[in-house]
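Residue-level structure breakdown
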Amino acid sequence: MTPCEALHTAARSYCQERIDYWHQRYSQLGQPGFRDGRHYSDRHKKVFPRYNVLECILVEVERLRPEACRDLREFRNRLWSIGQSAQGHCTEYPRGTIEQRATQEERDLFSAFVDDLQAEALEEVMPLPYRRTLLDEESREVWDRIGQLFGLEAHEHWYPLQGERPPNTVAFAADPFYQHLPISRLQSLLADAGVSKVWELREYGPEYEMDLALLDPIYNGAEGYWTSESLDWLLYASHESTVTVSGAWLLVRIQAVWPEWESCRVGR
């Protein structure tokens with residue numbers, strides 16, 4: 001890795017580890033005990049803004065292209081600025097003094113981390129699987145291409161929730177699908193076909209280009225869609241606990257490892 005790539009990787013690792021840490025801390029606090037659906041205890045207010053802002057920072061860090069960087073100081077300054085300015089849906093709501101203080105503390109800690117990381121430490125940074133937040137124009141281009149080939153509208157529901165069944169497309173109940181095709185097996189089927197990077201598109205939120213190793217085609221509160229540059233396959237995970245598979249070659253490979261798939265089909 002170049003120094004810029006190492007710094008970028010270290011920043012990603014930092015955010016991921018801190019997000020996990022604060023999620024765990026929040027889970028240990030128990031339920032907030034809402035009175036009217038909006039009121040958190042002061043203990044909760046000191047925690048959840050931290051992982052919210054870190055998730056926003058991580059999205060913007062992963063939007064950068066460190067391979068194009070030639071000036072480490074300039075790149076360090078860009079990361080520092082992202083730490084202070086990254087925004088998202090979860091950071092835009094009205095906040096009280098406690099939430100604001102927690103948010104700013106996490107911003108300052110991130111900025112201090114990237115500011116203080118020295119050359120010797122950068123040499124020890126371990127690589128992470130590739131993941132890059134797509135630019136808005138990149139997302140639109142991918143959605144346009146998918147729409148032309150698979151007949152779906154950007155960020156909308158798809159079969160079996162909406163529309164007729166496209167050719168070479170089968171929808172399954174999610175639980176048996178994941179039981180018979182765990183993520184690791186699905187990754188292997190795609191890798192055997194030469195897929196190394198995938199696009200993850202969502203109903204809302206950030207969208208990514210990432211290594212196949214990060215493929216996790218699960219509904220996470222937003223409808224999810226996954227494909228690759230070849231655009232000869234597509235996965236769709238819906239809020240109705242269905243998984244749709246499109247692509248003749250992928251369906252053949254799935255049937256080979258799951259002969260009983262017919263019993264788990266849904267839709268017309």
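Above this note sits the structure.
Residues numbered from 1 in each chain as written. Predicted model: local features only at pLDDT ≥ 70, side-chain atom pairs only at ≥ 80, totals over all residues. Heavy atoms only, no water.

A word on the overall build of the protein. The helix and strand inventory of the protein stands at ten helices and eight strands. Taking the principal axes of its C-alpha atoms as reference, the protein extends roughly 55 × 55 × 30 Å. Counting across all 268 residues of the protein, residues that qualify as buried make up 43%. A sequence separation of at least 24 residues applies to 68% of the contacts in the protein between residues at least 6 apart. In the form shown here, the protein has an accessible surface area of approximately 14,200 Å², with 48% of it arising from carbon and sulfur atoms. The averaged location of the 43 negative side-chain charges in the protein is 4 Å from the averaged location of its 29 positive side-chain charges. (Helix = DSSP H or I, 4+ residues; strand = E, 2+ residues; numbered from the N terminus. Buried < 20%, exposed > 50% of the residue type's maximum accessible area, 1.4 Å probe, protein only. Contact = heavy atoms within 4.5 Å. Areas by Shrake-Rupley, 256 points an atom, 1.4 Å probe, with all protein chains shown as cover. Lys, Arg positive; Asp, Glu negative; His and termini not counted. Charge placed at Lys NZ, Arg CZ, Asp CG, Glu CD.)

This next bit is on the pairing of strand 5 (residues 224–227). The alternating pattern of strand 5 places G224 and W226 and Y225 and T227 on opposite faces, both of which are buried. Here strand 3 (residues 197–202) runs beside strand 5; their pairing, made up of four bridges, is antiparallel. Looking at strand 5, one finds that L201 is bridged to Y225. Relative to strand 6 (residues 234–237), strand 5 runs antiparallel, the two sharing three bridges. Bridge assignment links W226 to a residue of strand 6, and that residue is L235. (Pairing = 2+ DSSP bridges.)

Considering all chains together, one arrives at one disulfide under this definition. The side chain of C4 participates in a disulfide bridge whose partner is C69; the two sulfur atoms lie 1.9 Å from each other. Of the two residues, C4 sits in helix 1 (residues 3–28) while C69 sits in the loop between helix 3 (48–61) and helix 4 (72–85), which places them 65 residues apart along the sequence. By the burial criterion, C4 is buried, and C69 matches it. (Disulfide = S-S within 2.5 Å.)

Spatial ordering of the open sheet is given by 1-4-3-5-6-7-2-8, a layout of eight strands whose pairing is antiparallel. Edge positions in the sheet fall to strand 1 (131–133) and strand 8 (265–266), since each of these pairs with one other strand and no more. Bridge count between strand 2 (residues 169–173) and strand 7 (residues 242–246): five bridges; the pairing is antiparallel. Within strand 7, the residue paired with A173 across the bridge is T242.

All right, on to the nonpolar core then. L7, I57, V61, F75, L79 and F110 are the most contacted members of the largest nonpolar core, which totals 30 residues. Residue assignment for this core shows that the elements contributing at least two residues are helix 1, helix 3, helix 4 and helix 5 (97–116). The biggest single contributor to this core is helix 1, with ten residues. In contact with F75, not counting residues within four places along its chain, are C4, L7, H8, L64, P66 and C69. If you look at the next biggest cluster of nonpolar residues, it comprises 27 residues, including L215, A237, V243 and V245. (Core = buried A, V, L, I, M, F, W, Y, C linked by side-chain atoms within 4.5 Å.)

The contact between helix 3 and helix 4 brings their axes to 9 Å, and the two run at 145°. Seen from above, helix 3 lies across helix 4 with right-handed handedness. Touching I57, E60 and V61 of helix 3 are L79, I82 and G83, all from helix 4. (Axes fitted to C-alpha atoms, helices over the stretch in contact; angles between N-to-C directions. Left-handed = near helix turned anticlockwise from the far one by under 90°.)

Our focus in this paragraph is the packing of helix 1 against helix 3. It is at 9 Å that the axes of helix 1 and helix 3 come closest, and there the two elements cross at 155°. Considering the angle they form, helix 1 stands roughly antiparallel to helix 3. Regarding helix 1 and helix 3, the two cross each other, and that crossing is left-handed. Where helix 1 abuts helix 3, its residues H8, A11, R12, Y14, C15, Q16, R18, I19, W22, H23 and Y26 lie against F48, R50, Y51, L54, E55, I57, L58 and V61. (Parallel < 35°, antiparallel > 145°, perpendicular 65-115°, else oblique.)

Glancing now at helix 9 (residues 183–192). Regarding helix 9, the residues found buried are L186, Q187, L189 and L190. Along the axis of helix 9, the buried residues cluster in a sector spanning 160°; they form a single face. G194 occupies a position one or two residues after helix 9 and carries a positive phi of about 90°. (Arc of directions from axis to C-beta.)

Another point: the pattern of salt bridges. In total, this model carries 13 salt bridges according to the counting rule given. Across the pair E67 and R65 runs a salt bridge whose closest N-O atoms are separated by 2.6 Å. Two residues, E200 and R202, come together in a salt bridge whose shortest N-O distance is 3.7 Å. Both residues of the pair, E200 and R202, count as buried. Counted as one network, the salt bridges with shared partners bring together R18, R50, E105 and E106. (Salt bridge = Lys/Arg side-chain N within 4 Å of Asp/Glu carboxyl O.)

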